[in-house]
Amino acid sequence: MSDLLKVSDLRIAFHSRGAANEVVHGIDFSVQAGGQTVAILGESGSGKSVSCMALTQLLPKAPGCTVSGEVLFKGKDVLQMDGQAIRAVRGKGIAYIFQEPASSLNPVFTVGFQIAEAVKLHRPDIADVKGRVVELLELVGIRDAAKRYSAYPHEMSGGMQQRIMIAMALACEPDLLVADEPTTALDVTIQAQIMDLLRELRQKLGMSIILITHNFGIVKGFADEVLVMYQGNVVEQGPVETVLSQPQHPYTKALIACIPKLGQKQRRLTTIDQEMAGA
């Protein structure tokens, strides 16, 4: 398989009061076409989400923020694209599922209307837009899809709202889906359903995925490769099974050690800093 996305020496800095604060320090990774899943893992503030927002120029422009390096998507450097070219990549090439769907969906428009907007923008060749939206709702497991077309976000549970966000992303038929903490604020049962849905869609559509998470539990059995980020650096990367079974970096070991285990005698979980200090 060939590289769908290749990121080289990506650096991101935010500027305030004349000072630059670099938050991502020259990271490198790639995602292959045809269904590969790469998980980017780390605690909050490690640089996961901001790195992926840079992939389609979603970060503020200079002087507030500067992004350097190279982001090749299908062989073209996204960071050098102008407005029209980057809009063609957003949605159609790279689509996003952001965390907390309730804050991403517009409360004053029906879910059908919001998905239809994406269809009209990226698939103008589709004549029956409503029919396509209903198909997408059925694809992501929404029951009574035709009826739900006219529903408002507040009329749906958190799990259903997340399915709506997935349907909206799929409306563009992307080559690469960036799922940013797709199971945040969902209970364990719904988390499993969402991950099963993403796994099924990946197999059915041949879509590659970047999974952003802090949870090693949802990475195993889902991702092919994993990048572990700490303070804006990739400190470890490799096949998921290898990283989980033979972690090399103290931070990776600390993350794994912080996961509660069945049958383990109850004790207060140590912090990552404590685990790293003892590694």
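Quantities reported herein were computed from a predicted structural model and do not represent experimental measurements.

Student: What is the right way to look at the state of the cysteines in this model?
Tutor: Put plainly, two cysteines are in a disulfide when a covalent bond ties their sulfur atoms together. What the rule picks out here adds up to 0 disulfides. C52 forms no disulfide, and the closest cysteine sulfur to it belongs to C65, at a distance of 14 Å. Residue class for C65 comes out buried when judged on its relative accessible area of 3%.

Student: Explain the packing of helix α4 (residues 111-122) against helix α7 (residues 158-170) to me, please; I cannot follow it from the model alone.
Tutor: Two numbers describe a pair of packed helices, the interaxial angle and the distance between the axes. Running from N to C, α4 and α7 point in directions that differ by 25°, and their axes come no closer than 8 Å. The orientation of α4 relative to α7 falls into the category roughly parallel. Handedness of the α4/α7 crossing: right-handed. The segment α4 lies against α7, with V111, Q114, I115 and A118 engaging I164, A167 and M168. When its residues are assigned to classes, the contact of α4 with α7 shows 6 nonpolar, 1 polar and no charged.

Student: Explain the sheet that holds strand β4 (residues 65-73) to me, please; I cannot follow it from the model alone.
Tutor: Adjacent strands of a sheet pair through backbone hydrogen bonds, lying either parallel or antiparallel. Strand order in the open sheet formed by 4 strands is β2-β1-β4-β5, and the pairing between neighbours is antiparallel. In this open sheet, the two strands that pair with only one neighbour each are β2 (19-32) and β5 (76-77). By the bridge criterion, 2 bridges tie β4 to β5 in an arrangement that is antiparallel. Bridge pairing in β5 links F73 to K76.

Student: Looking at this model, I keep getting lost on the pattern of salt bridges. Mind explaining?
Tutor: Pairing between side chains of opposite charge can happen when the charged atoms of each approach one another. Taken as a whole, this structure holds 9 salt bridges when the rule is applied. Here D175 and K74 are joined by a salt bridge, their closest N and O atoms 2.8 Å apart. Highlighted residues: D175 in the loop between α7 and β7 (176-180) and K74 in the loop between β4 and β5, separated in sequence by 101 residues. Taking the shortest distance from any N to any O, the salt bridge between E173 and R132 comes out at 3.4 Å. Of this pair, E173 sits in the loop between α7 and β7 while R132 sits in helix α5 (residues 129-139); the two residues are 41 residues apart in sequence, bridging distant segments of the chain. Classification of E173 by relative accessible area gives partly exposed; the value is 36%. Via salt bridges that share partners, R123, D125, R132, E135 and E173 belong to a single interconnected network.

Reading guide: rules and limits
Residues numbered from 1 in each chain as written. Predicted model: local features only at pLDDT ≥ 70, side-chain atom pairs only at ≥ 80, totals over all residues. Heavy atoms only, no water. Disulfide = S-S within 2.5 Å. Buried < 20%, exposed > 50% of the residue type's maximum accessible area, 1.4 Å probe, protein only. Axes fitted to C-alpha atoms, helices over the stretch in contact; angles between N-to-C directions. Helix = DSSP H or I, 4+ residues; strand = E, 2+ residues; numbered from the N terminus. Parallel < 35°, antiparallel > 145°, perpendicular 65-115°, else oblique. Left-handed = near helix turned anticlockwise from the far one by under 90°. Contact = heavy atoms within 4.5 Å. Nonpolar A, V, L, I, M, F, W, Y, C, P; charged D, E, K, R; others polar. Pairing = 2+ DSSP bridges. Salt bridge = Lys/Arg side-chain N within 4 Å of Asp/Glu carboxyl O.

By themselves these figures say nothing about function.
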